[in-house]
Structure formats: C-alpha cells, structure tokens
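# Descriptive analysis of the structure
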Amino acid sequence: MIVRYEPWGAWVKLESTAAVVAIDRDGARALGLDGSRGAWGEGAGPSAPIEVHLAVTERCGAGCEGCYIDARPDGREKSSDAILRELDALRDAGVFTVAFGGGEPTTRDDLDVLAAAARERGITPVLTTSGLGLSEARAARLRGFAQVNVSYDGPGATYASVRGFDGADAAERAIERLAFAGMRVGVNVVLTRASFDRLGHTLARARSLGACEAQLLRYKPAGRAASLDYLARRLSPEQARALGPTLRSLAESHCADGAFHVRIDCALVPFLSADDAITRDPARLARFGIFGCEAGGALTAVRTDGRVAPCSFAAPAELRGEDLATGHADDGMLGRWRAYVAAPPEPCASCAIRSACKGGCKVVAAFVDGVHGPDPECPRVLAHRSGAA
Amino acid sequence: MSEERRIEPEQILVARVGHGANCSSIGSVVDTLFVAAAVGTAVFAALAAALATEDVRVVGERAGDSAQEAADADARRARQGDP
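The shown structure was predicted, so the numbers you read here are calculated from the model rather than taken from an experiment. (Residues numbered from 1 in each chain as written. Chains lettered and ligands numbered in written order. Predicted model: local features only at pLDDT ≥ 70, side-chain atom pairs only at ≥ 80, totals over all residues. Heavy atoms only, no water.)

The next point concerns the packing of helix H6 (residues 168-180) of chain A against helix H7 (residues 199-209) of chain A. Residue and element names in this part refer to chain A. For the pair H6 and H7, the least separation of the axes is 8 Å and the interaxial angle reads 40°. Judged by the inter-axis angle, H6 sits oblique to H7. Contacts between H6 and H7 pair Glu 172, Ile 175, Glu 176 and Ala 179 from the former with Arg 205, Ala 206 and Leu 209 from the latter. Its residues assigned to classes, the contact of H6 with H7 comprises four nonpolar, no polar and three charged. (Axes fitted to C-alpha atoms, helices over the stretch in contact; angles between N-to-C directions. Helix = DSSP H or I, 4+ residues; strand = E, 2+ residues; numbered from the N terminus. Parallel < 35°, antiparallel > 145°, perpendicular 65-115°, else oblique. Contact = heavy atoms within 4.5 Å. Nonpolar A, V, L, I, M, F, W, Y, C, P; charged D, E, K, R; others polar.)

This is the structure we're talking about:
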C-alpha cells in the first residue's frame, strides 16, 4: 500500500484491491507509522491532491456539442516530455491517481508509454475516451491503465441527444473491445434533461456490453456547453430533486450482485440534499467517500497548456503542473477555492450535508449567477432563494 | 509485513472504492450508500484486512525532508514487523 501522512492520520492507496482509504492516527500507528519528527505535517499547509486530471491533448474529431474543453481536430497537443515532467511533480506531491483525458487521448501514439511512466512513479493511471475508432489492437495497447471509461450517454438517440451526433454504436463497440481485452471498463454518462429518464436502460445496456461501472456526470457549462443552450439541456429542478430516489432504484436494479457499480460526480452531490433519508445520516456520505466539490483540494487539473486549474472546468491558476508539488499549497487561486469550501455562506453553511457536498459546483454558480457562490441548481439553494428554506 | 498489525474498521474514516476513470470531474461510488448495513460493515472489514497485510510505502512531501525521512524509517520498520 502507498501511504501519505495527513494531519488527521493518513491517506492510503491499497494495491490488493482498488480503494483509497483515509485512516485516523491510531490506524496509522497500527500500521507502524508513528509520525515521529513532524511527519503528520501540522502547520505544513494544505495537502496536495490525491487525484489529478491531466489533459494530454485538445485534439478530437468527435465534435460533441457540449465539449467542456472545446476540443477540435487541430487542437493543441502536449509534448511527451512535458507530461513526464508533470508526472514527476505528481509523484513528488504524493498524488495517487492520474486521469488522462483531453480532447481524445487515443489520438496520441504514446499512451501506453505514459501509462507505464505513471506506474513507475507509483501513480495509478486511468483514462477517458470517446471510443470512436478504437480498434481491437488499439484497445489492447491500453492495458497499462487501471480502468478505461468510455463516454456513453445511452443507446441510439439518447447518445445523439447529448452529443449531437450518432456515435452510440461506435462507443458500444469500444466498450466490448476493451472488455474483451480483459480491461476494467466503465462508462461516463452525461445527465441532461433528455438522458436522465433513460438511465435504467443505459446502465443495463452498458453492463451487457461488459462495463463494470457507470459514472454519472452532471452537464456543466464549460467550453462549448457554456452557452444559452445549457439552460435547456441541464437537469430540470424536478429531475435534480429525484436524483436520490433514482440512485436508490438503480442500485437495487443493477448493483445488487456487486459486479456493477454506479458513481456520481462531485457536481451531483448537492442534489442529494433533497433526499431526506440521506440528510438524516450525512456522516454516511463521507464514510463512503461521497464528496462534492474538491477542486483545488483533493482534486486538481492540469491543462494542455501546462497550467493548473482547480478542476477541469475551472479557469486556470498561475501555477504550472510541473511545479505542483512545491506550489499547490501556496497558489492563490487554489487557496481561494479551498477557503470557500471551508466557510461557505448560507444556505450551504447550515446544510446537513455541507461537509460532504462542499458547497456545490462553483462552475455552474459562476456561469448562472456570475459569482463564486452557492450552486444555483441545488434544491436547497433554490428553496432558500424562493423563501421556502 | 507484520503479523501484529491490526486495523479496526472504525479507524477507517473514509473509503473510496474503485478507481474512477473520469478525467473531468471526481466521482464516488454511490450504490454502497444504499446497501444493507451488514454489507457496508463487510466492506470496511475487508478494507481493514487489506490494510493489515499489505507492505507499506510512504510518499509525499508535505511534511518536509526530515519528516519524510522519519516517515520512510517508519515504513521500513513496519515492513520489518517492528513498529
């Protein structure tokens, strides 16, 4: 296992099973780690991220209508040397996981080399791809990644309703090819007003193709999605309030045997504030690692231009990826994002799930309200603004 | 590996299961939230068992060089079964 000291104990990345756990100081001592000579790091400043999203290219020919990075066929590509320097910095910072993305990362010829380079540095590499044009041979070359997620919003018209073109069949072939190559395959499912109500069908189809996991993603107003069209595509308030019961139903239908899992992304967590069963026991969210906005904290992104951002959707800071280990704690922008989470205004301040949610999606808040503030699509925030809470 | 190591499930503050391979936003397995209490208990017991058996390697720079050296020494002792 790989251990990283924290003031409260330690983060631990297990190697015999795919899990990252936080243990308290007594647990760390039980591992033989006594924290002598200041190893707990009190007063050493904020911790480095445990997960980094690394954009390795802005090239992509898919042309998804809502692409958050505005990727294009002639987009910028990062050099291999620059990526290796960034991986060095991630290693020095004690990062556990690096998610390669873009753009379409499989447009690069060196992905297998980069996956191996991450592993040599003790970092678990994972990958997101559209899967478009992924041959069997190409799929087999991705075995160095611990997991590959294919963007798949649903069969047929559901996929097209999210991305603006008919790519479902190609994505399905990619899922099958990756699974056939013996890899852990997940699917990324973007939730829009059109795709939300077909989730059960989408997950059943993904599982039948060999996927072991579905990650549900909130549609976010960044890149090409930062337009008025966002307001028509985002989940309706009713759908947002229905997320908790929907997840409960999906878990019962698709996950009971433990062979398939459902994830939600950070931006969906505020919608759980509408679920009474969850808000009655908010500590359970944190114990199972279900957290909202960790941008600038446990999560950081590195863009293709080398600049660090709190997350992949946020504007960049001055800090460069190759300086992450030494600059993460002191960067002003990352610090402002962390400070907001530590002391959010109402209605987040008194929210039962605040410690897990961490104030909702700031990218949505910046687009809709023009401020770094409460998530304007959170059911609790909507109720507060209407005077009902 | 030390046979004397024993981690209690209660000492696990947070369990993030799975790899998660999305490159744009961080994700969390959520179906575990809805499983029966006994299944949840079993998840944490399994993680505690894994913690007790895997070799330890310390990473990270937050604590500075001297503390990192101490941490590495801790890890070496843990590997030798002499915490």
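Where interface size is quoted, it is often the accessible area lost as the parts come together. Of the residues lining the interface, 93 residues belong to chain A; the matching set on chain B comes to 53 residues. Buried surface at the junction of chain A and chain B, both sides included, amounts to about 6,300 Å², of which 58% is carbon and sulfur. Run the count over chain A and chain B and you get one salt bridge. Put simply, A:Glu294 and B:Arg16 hold a salt bridge, and the shortest N to O gap is 2.8 Å. If you look at where chain A meets chain B, you find 35 residue pairs in polar contact (both at pLDDT 80 or more). With six residues, strand S3 (residues 19-24) of chain A is the single largest residue contributor to the side of chain A that touches chain B. Split into classes, the residues belonging to the side of chain A that touches chain B amount to 49 nonpolar, 26 polar and 18 charged. Pairing of strand S10 (residues 261-265) of chain A with strand S2 (residues 27-29) of chain B, which is carried by three bridges, proceeds in the antiparallel orientation. Bridge assignment links A:Asp265 to a residue of S2(B), and that residue is B:Gly27. (Buried area = accessible area lost by both parts, 1.4 Å probe. Salt bridge = Lys/Arg side-chain N within 4 Å of Asp/Glu carboxyl O. Polar contact = N/O pair within 3.5 Å; in protein donor to acceptor, adjacent residues only side chain to side chain. Pairing = 2+ DSSP bridges.)

Next up on the list: the environment of A:Gly164. Residues and elements named next belong to chain A. Relative to the helices and strands, Gly 164 resides in the loop between helix H5 (157-163) and H6. On the basis of relative accessibility, which here comes to 41%, the residue Gly 164 falls in the partly exposed class. Along the sequence, Gly 164 and Leu 134 sit 30 residues apart, while their C-alpha atoms lie 20 Å from each other. Discounting residues that sit within four places of it in the chain, Gly 164 has contacts with Glu 65 and Tyr 159. (Buried < 20%, exposed > 50% of the residue type's maximum accessible area, 1.4 Å probe, protein only.)

We now examine the nonpolar core. Counting 115 residues, the largest nonpolar core has A:Phe100 and A:Leu216 as its most contacted members. One finds A:Val162, A:Ala222, A:Tyr230 and A:Met333 within the second-largest nonpolar core, a separate group that totals 28 residues. (Core = buried A, V, L, I, M, F, W, Y, C linked by side-chain atoms within 4.5 Å.)

Bringing the packing of helix H2 (residues 80-93) of chain A against helix H3 (residues 111-120) of chain A into the picture now. Residue and element names in this part refer to chain A. Between H2 and H3, whose axes approach to 10 Å, the crossing angle comes to 20°. Between H2 and H3, the crossing angle belongs to the class labelled roughly parallel. The element H2 and its partner H3 pack so that their crossing is right-handed. Here Ile 83, Leu 84 and Leu 87 of H2 lie close against H3, whose contacting residues are Leu 114, Ala 117 and Ala 118. (Left-handed = near helix turned anticlockwise from the far one by under 90°.)

Attention now moves to the confidence of the model for chain B. Residues and elements named next belong to chain B. Across chain B, the average pLDDT comes to 78, with 67% of residues at or above 70. Averaged pLDDT values over the elements of chain B bottom out at 52 in helix H2 (residues 64-79) and peak at 95 in strand S1 (residues 12-17). Residue range residues 63-67 is modelled with pLDDT below 50. Its contacts to residues more than four positions away, or to other chains, number six contacts. Across the assembled chains, the prediction reports ipTM 0.91 with pTM 0.93. (pLDDT = per-residue confidence, 0-100.)

So, about the pattern of salt bridges. Residues and elements named next belong to chain A. This model, assessed by the stated rule, comprises 30 salt bridges over all chains. Here Glu 77 makes a salt bridge to Arg 59, at a shortest N to O gap of 3.5 Å. Of this pair, Glu 77 sits in the loop between strand S4 (51-55) and H2 while Arg 59 is found in the loop between S4 and H2, placing the two residues 18 residues apart along the sequence. We note a salt bridge from Asp 275 to Arg 248, for which the minimum N-O separation is 3.1 Å.

Moving on, we get to the sheet that holds S3(A). Strand pairing in a sheet takes place through backbone hydrogen bonds and is either antiparallel or parallel in direction. Spatial strand order, S1(B)-S3(A)-S2(A)-S1(A)-S3(B): five strands in an open sheet with mixed pairing. Looking at which strands have only one partner, the edges of the open sheet turn out to be S1 and strand S3 (57-58) of chain B. Where strand S1 (residues 2-6) of chain A meets S3(B), two bridges bridge the pair, whose relative direction is parallel. By the bridge assignment, A:Val3 is partnered in S3(B) with B:Val58. Sitting on the sheet, helix H1 (residues 37-53) of chain B touches strand S2 (9-14) and S3 of chain A together with S1 of chain B, and the angle it makes with S1(B) is about 100°.

So, about the environment of A:Asp109. Residue and element names in this part refer to chain A. For Asp 109, the location among the structural elements is in the loop between strand S5 (97-101) and H3. On the accessibility criterion, Asp 109 (62% relative accessible area) is exposed. Sequence-wise, Asp 109 and Arg 138 are 29 residues apart; in three dimensions their C-alpha atoms are separated by 9.6 Å. In this view, Asp 109 contacts Arg 138 and Arg 141; residues no more than four positions away in its chain are not counted.

Once that is clear, we can look at the pairing of S10(A). Residues and elements named next belong to chain A. Here S10 lies mainly inside the structure; four of its five residues are buried. Here strand S9 (residues 213-218) pairs with S10 via four bridges, running parallel. If you follow Glu 213 over to S10, its bridge partner there is His 261.

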